[in-house]
Amino acid sequence: MKVFVAAAVAAGLLSAAPAFASMELAKAKNCLACHAVDKKLVGPAYQEVAKKYAGDAGAAAKLAEKIQKGGSGVWGTMPMPANPQVNAEEAKTLAAWVLSQK
């Protein structure tokens, strides 16, 4: 039963509008525990991240890697922990969504 529910949720995320699906994915992967779209929490606001990387053709790949592996030093001394529960495809989706926040 849990597998069926998970599959239904995944199908719903894939069929929803990209912005909605990505917000839901960010919630599901606990990204919003440290980040918000429009204000700094523990980590930077997604709008600030999008602004910082605007015009950087490699930004999506960099952010996807950072989402999965973590990182430090770009936004101060607070490190971003690795997120092993986020797979490569989810990381790409989240990175593209973050970069679309303006």
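Draft legend 1. Expanded view of helix α4 (residues 59–69). Considered for burial, the residues of α4 that qualify are Ala59, Leu63, Ala64 and Ile67. The buried residues of α4 occupy an angular sector of 130° when the element is viewed end-on, so they sit on one face. The outward face of α4, more than 90 degrees from its buried face, is lined by the exposed residues Ala61 and Lys69. Those residues of α4 hidden inside the fold are in contact with α3 (46–53) and α5 (88–100). Positive backbone phi, at 85°, marks Gly70, one or two positions downstream of α4.

Draft legend 2. Here's a closer look at the environment of Leu99. Locating Leu99 in the fold gives a position in helix α5. Distance in space between the C-alpha atoms of Leu99 and Ala59 is 8.1 Å, their sequence separation being 40 residues. Excluding residues within four positions of it along the chain, Leu99 makes contact with Ala50, Tyr53, Ala59, Ala60 and Leu63.

Thresholds, definitions, all that
Residues numbered from 1 in each chain as written. Predicted model: local features only at pLDDT ≥ 70, side-chain atom pairs only at ≥ 80, totals over all residues. Heavy atoms only, no water. Buried < 20%, exposed > 50% of the residue type's maximum accessible area, 1.4 Å probe, protein only. Helix = DSSP H or I, 4+ residues; strand = E, 2+ residues; numbered from the N terminus. Arc of directions from axis to C-beta. Contact = heavy atoms within 4.5 Å.

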